[in-house]
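Read off the chains here:
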Amino acid sequence: MKVLLVNGAPHEKGCTYTALCEIEKELKNAGIETEIFWLGNKPVRGCIGCGGCASNNGHCVFNDDVANTLIDKAKEADGFIFGSAVHYAAPSGTICAVLDRAFYAGSANFKYKPGAAVLSCRRAGSTAAFDVLNKYFTISNMPVVSSGYWNMVHGAKAEDVLKDEEGLQVMRTLGKNMSWLLKCIDIGKQNGIAQPAPEAK
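From a predicted model like this one, the values you see are computed outputs, not experimental measurements. (Residues numbered from 1 in each chain as written. Predicted model: local features only at pLDDT ≥ 70, side-chain atom pairs only at ≥ 80, totals over all residues. Heavy atoms only, no water.)

(A) Local environment of the overall build of the protein. Helix and strand content of the protein: six helices and six strands. The C-alpha radius of gyration of the protein comes to 16 Å, within 12% of the 17 Å expected for a compact globule of 201 residues. Dimensions of the protein along its principal axes, counting C-alpha atoms only, are 50 × 45 × 25 Å. Long-range pairs, those at least 24 residues apart, make up 75% of the contacts in the protein with a sequence separation of at least 6. In the structure as shown, the protein presents an accessible area of about 10,400 Å², 51% of it carried by carbon and sulfur atoms. Separation between the mean location of the 21 positive side-chain charges and that of the 20 negative ones in the protein comes to 1 Å. (Helix = DSSP H or I, 4+ residues; strand = E, 2+ residues; numbered from the N terminus. Rg over C-alpha atoms; globule rule 2.2 N^0.38 Å. Contact = heavy atoms within 4.5 Å. Areas by Shrake-Rupley, 256 points an atom, 1.4 Å probe, with all protein chains shown as cover. Lys, Arg positive; Asp, Glu negative; His and termini not counted. Charge placed at Lys NZ, Arg CZ, Asp CG, Glu CD.)

Structure below.
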């Protein structure tokens with residue numbers, strides 16, 4: 001089993017990364033394989049609604065940034081943690097642009113796999129940003145993994161996050177809950193419990 005932890009913050013080793021690392025420790029302790037994938041800080045395209053992905057093998061027609069890389073990585077993953085810094089009470093523009101295209105073009109690679117959102121902020125705006133990221137899961141037939149509080153950490157820099165004891169505990173609990181759910185799903189598969197059959201639209 002593998003969890004893909006996506007870092008959508010502009011700084012590779014900043015506050016969001018620190019939160020993801022705390023989750024990753026718990027996943028590894030539970031025997032879950034992990035990968036932290038940074039979306040980077042280069043320009044990315046937003047979805048233009050062209051519909052070309054419908055005839056492009058589950059990939060976006062634009063192949064000049066990380067969207068298709070994420071789609072390919074998602075195929076091999078069993079669960080996801082999407083992390084972002086908070087910008088104006090919303091996730092980063094990068095993660096929103098990438099997820100719009102990845103979930104639209106590569107939706108089959110996410111369906112029925114557990115997902116969770118993690119936000120880092122200096123002070124406020126985290127719950128609004130948290131809501132935005134959770135929408136990707138709840139429109140994609142994905143079980144949403146929760147923790148003992150909303151999945152957020154606070155601090156202006158990585159060192160501050162390490163002082164956020166409650167936030168770090170929330171991250172650890174999230175990692176434990178993700179590993180527990182993945183193992184429950186795996187046992188279900190081994191015992192013949194199939195995924196729900198979708199109704200025709």
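(B) Spatial organisation of unusual backbone geometry. Even without being glycine, Ala89 reaches a positive phi, approximately 60°. Its relative accessible area of 39% is what places Ala89 among the partly exposed residues. For Asn141, which is not glycine, the phi dihedral falls at a positive 60°. Along the chain, Asn141 falls in the loop between helix 4 (126-138) and strand 6 (152-154). (Buried < 20%, exposed > 50% of the residue type's maximum accessible area, 1.4 Å probe, protein only.)

(C) Structural detail: empty space enclosed by the protein. Going through the model one piece at a time under the given rule, you end up with one cavity of 30 Å³ or more. Counted as a void, the largest cavity has a volume near 120 Å³. Here the residues of the lining of the largest cavity sort into nine nonpolar, four polar and two charged. (1 Å grid on protein atoms, 1.4 Å probe; cavity = no way out; pocket = protein on both sides within 12 Å on 5 of 7 lines; lining within 4 Å. Points joined across faces, edges and corners; volume = space filled by probe spheres on them. Nonpolar A, V, L, I, M, F, W, Y, C, P; charged D, E, K, R; others polar.)

(D) Seen up close, helix 4. A rise of 1.5 Å per residue sets the reference length of helix 4, with its 13 residues, at 18 Å; its end C-alpha atoms lie 18 Å apart and thus fit the reference within 8%. Along helix 4, the residues classified as buried are Ser126, Ala129, Phe130, Leu133, Asn134, Tyr136 and Phe137. All buried residues of helix 4 fall inside an arc of 140° around its axis, so they share one side. (Expected span 1.5 Å × (residues − 1). Arc of directions from axis to C-beta.)

Remember that the coordinates give geometry; whether it matters functionally is a separate question.
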